[in-house]
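# Breakdown of the fold
Here is what each chain is made of, one letter per residue.
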Amino acid sequence: MPSETMSHDAETAPSTVTVTPLAIHIGAEIGGVDLSRPLAPEQVRDIRAALVRWKVVFFRDQPMNHRQHIDFSRQFGAVTPGHVVYGGDGEFPEIYPITKHRTANNFQDQVLLRPWTGWHTDLTAAINPPMASILRGVVVPPYGGDTQFTSLVAAYNALSPAMRGFVDGLRGIHRNAPPQEVKAGKEYEELVKKRTLISEHPLVRVHPESGERALYAGPIHLKSIAGLSPRESQVMLEMLWEHLVRTEFTVRFKWEPGSVAFWDNRAACHLAPRDIFDSDFDREFYRTTLVGDVPVGVDGRPSTSIQGDPITAA
Ligand code: SIN
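Residues numbered from 1 in each chain as written. Predicted model: local features only at pLDDT ≥ 70, side-chain atom pairs only at ≥ 80, totals over all residues. Heavy atoms only, no water.

### Digging into the site of the ligand
We apply this condition: We call a residue near a molecule or strand when any one of its heavy atoms sits within 4 Å of it. Polar contacts, as counted here, are pairs of nitrogen or oxygen atoms within 3.5 Å of one another; within protein the pair requires one atom able to donate a hydrogen and one able to accept it, and residues that are adjacent in sequence qualify only if both atoms are side-chain atoms. Each accessible area is a Shrake-Rupley estimate made with a 1.4 Å probe; only the visible protein chains count as cover when residues are assessed.
All residues in the neighbourhood of the ligand are listed as Ile98, His120, Leu135, Thr147, Trp263, His270, Ala272, Pro273, Arg283 and Arg287. In this structure, Thr147 approaches the ligand through a side-chain N or O atom, which is 2.5 Å from an oxygen atom. At 2.8 Å, a side-chain N or O of Arg287 approaches an oxygen atom of the ligand. When the ligand sits alone it has 260 Å² of accessible area, and the protein chains cover 95% of it.

Put into structure tokens, the structure is as follows:
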């Protein structure tokens, strides 16, 4: 796979960052950096540019402790509490542990699995969903446990012009409740009751940095389309969800200990693995998220909050 060094204007300094694309629409591996140490400004600039271009970027062999993970994240924006519903790690409130034993409860008694079940963009129920998420693999299964990502920009662009015109004017209602087909653990239900978030977002979000249009329709939190009848909304959402998980818009990441994935929640959806629950392998990952802005639609209208407070820095 060809790898390219970033090009620059005469005024801008070159950096060591290399970017190797992994799929046509989404995903690139970044080399030439040590994430455990402060980055040079031009490295931050080039990683950010690659993130916006590729929607998710991956790093290999970057062992970090929680403090280094938080410090790396801070170079790209304010860091949120680990999770608005689950909270964070006691000593490091910005760190959200994603461990196999913790997520196992969320996969009990699934009654109707569909191809888009589990795909999501982080916390779209909030008025300002996290701009990006940074996930680090510590205990990694020898095989299995891959994470998949899809480009919401590629998905939008592949709709017919007539459908793009229709969805451009629609808005979705997002709520932090699990989809009907997934029986959530009691713990999650109790926590959600204490912090219910409901927001109306444009169904097509204009990316604040690239200007690209993204089909902002991550399945887990998006419950209905405003102004449509319940049946119209259900059929329309299922059609859009089936579309956005088409494999040609996706990339699949195989983790190694020390791997890091950094994704842009304004333009990507992801799927955590389920295959690990069919094995005895352990999986222990840690995530930070960056404070996001309020989405804006094609018509320039921002999202509106129906319930809950914005996500702020930890
Ligand atoms: C996530 O959904 O943020 C975690 C993804 C993963 O565990 O691979």
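Now, onward.
### With respect to the pairing of strand E9 (residues 198–202)
Our working rule: Only protein chains enter the accessibility calculation, which uses a 1.4 Å probe; a residue is then buried when its area is under 20% of its type maximum, exposed when over 50%, and partly exposed in between. Numbering of helices and strands runs from the N terminus, with a helix taken as a DSSP run of H or I at least four residues long and a strand as a DSSP run of E at least two residues long. Here, a strand pair is defined by DSSP locating no fewer than two bridges between the strands.
In terms of residue burial, E9 counts as a mostly covered element, since five of its five residues are buried. Residues of E9 alternate between two faces, with Ile198, Glu200 and Pro202 on one and Ser199 and His201 on the opposite face, all of them buried. Direction of pairing for E9 relative to strand E17 (residues 304–307): antiparallel, over a ladder of three bridges. Looking at E17, one finds that Glu200 is bridged to Thr304.

### Some points on the sheet that holds strand E15 (residues 268–271)
Defined as follows: Whenever a helix is involved, its axis is fitted only over the stretch in contact; in every case the axis is a line through C-alpha atoms, and angles between N-to-C directions fall within 0 to 180 degrees.
Pairing in this open sheet of three strands is antiparallel, and the strands run E13-E7-E15 from one edge to the other. Two strands close off the open sheet at either side, each with one partner strand: strand E13 (250–253) and E15. Pairs of neighbouring strands in the sheet enclose a mean axial angle of 20 degrees, with direction left out of account. Pairing of strand E7 (residues 147–151) with E13, which is carried by four bridges, proceeds in the antiparallel orientation. Following the sheet pairing, Thr147 is matched in E13 by Phe253.

### So, helix H2 (residues 66–74)
Each α-helix winds once per 3.6 residues, and so residues spaced three or four apart point in a common direction. Applicable threshold: Note that the arc is computed from the directions linking the helix axis to the C-beta atoms. When checking whether two residues touch, look at their non-hydrogen atoms; a contact exists if any pair is within 4.5 Å.
Taken residue by residue, H2 has His66, His69, Ile70, Phe72 and Ser73 as its buried positions. Looking straight down H2, one finds that the buried residues subtend no more than 160 degrees of arc, so they occupy a single side. Its buried side turned inward, H2 meets strand E4 (56–59), strand E6 (132–139), strand E14 (260–264) and strand E16 (284–290). The backbone nitrogen of Arg67 has a side-chain oxygen 3.2 Å away, supplied by the residue at the start of H2, namely Asn65.

### Thoughts on the nonpolar core
Convention followed: As used in this record, nonpolar core signifies buried Ala, Val, Leu, Ile, Met, Phe, Trp, Tyr and Cys residues forming a set joined through side-chain atoms within 4.5 Å.
Ranked by internal contacts, the top residues of the largest apolar core, which has 27 residues, are Val167, Leu203, Leu215, Ala217, Leu240, Trp241 and Leu244. At the level of secondary structure, the elements contributing two or more residues to this core comprise helix H4 (152–157), strand E11 (213–215), strand E12 (222–225), helix H7 (230–244) and E15. Formed by 25 residues, the second largest nonpolar core is a distinct cluster that contains Ile26, Tyr96, Phe149 and Leu197.

### So, the pairing of E4
The line we're drawing: When the strands point away from the viewer and the connection leading from the first strand across the helix to the second strand turns clockwise, the crossover is called right-handed.
Of the two faces of E4, the one holding Val56 and Phe58 and the one holding Val57 and Phe59 are both buried throughout. By the bridge criterion, two bridges tie strand E3 (residues 28–31) to E4 in an arrangement that is parallel. When the bridges of E4 are listed, Ala28 appears paired with Val57. Once the chain exits E3 it traverses helix H1 (residues 41–54) before rejoining the sheet at E4, and the crossover so formed is right-handed.

### What about the sheet that holds E9?
Read from one edge of the open sheet, four strands run E12-E8-E9-E17, paired in antiparallel fashion. This sheet does not close on itself; its edge strands, each paired only once, are E12 and E17. If you compare each strand with its neighbour and ignore which way they point, the axes differ by 25 degrees on average. With five bridges connecting them, strand E8 (residues 171–175) and E9 associate as antiparallel partners. From the neighbouring strand, His174 faces E9, where its bridge partner is Ser199.

### Some details on the packing of aromatic side chains
Heads up, the condition is: When the centres of two rings from Phe, Tyr and Trp lie within 6.5 Å, Trp using its six-membered ring, the rings pair. Their planes under 30 degrees apart give stacked, over 60 give edge-to-face, and anything left gives tilted.
Applying the stated rule across the entire model yields 11 aromatic pairs. Seen in terms of ring centroids, Phe72 and Phe262 are 6.0 Å apart; in terms of plane orientation they differ by 80 degrees. Their pairing is edge-to-face. Linking Phe72 in helix H2 with Phe262 in strand E14, this pair joins segments that are 190 residues apart in sequence. Among the residues examined, Phe72 registers a relative accessible area of 1% and is labelled buried. Residue class for Phe262 comes out buried when judged on its relative accessible area of 1%. Note on Phe149 and Trp263: the rings are 5.3 Å apart at their centroids and 55 degrees apart in plane angle, and the pair reads as tilted.

### Looking at the packing of helix H5 (residues 161–168) against H7
Between two packed helices, both the angle of their axes relative to each other and the distance between the axes serve to describe the pair. The condition is simple: For this classification, under 35 degrees means roughly parallel, over 145 means roughly antiparallel, 65 to 115 means roughly perpendicular, and everything else is oblique. Crossing chirality is assigned from the near helix's rotation relative to the far helix, an anticlockwise turn below a right angle marking it left-handed and a clockwise turn marking it right-handed. Three residue categories are used. Nonpolar comprises Ala, Val, Leu, Ile, Met, Phe, Trp, Tyr, Cys and Pro, charged comprises Asp, Glu, Lys and Arg, and polar comprises the others, including Gly.
Following both chains from N to C, one finds H5 and H7 inclined at 120 degrees, their axes separated by 13 Å at the closest point. The angle between H5 and H7 falls in the class oblique. The crossing of H5 and H7 is left-handed. In this structure, H5 contributes Met163, Phe166 and Val167 to the contact, and H7 contributes Met236, Met239 and Leu240. Grouping the constituent residues of the contact of H5 with H7 by class yields six nonpolar, no polar and no charged.

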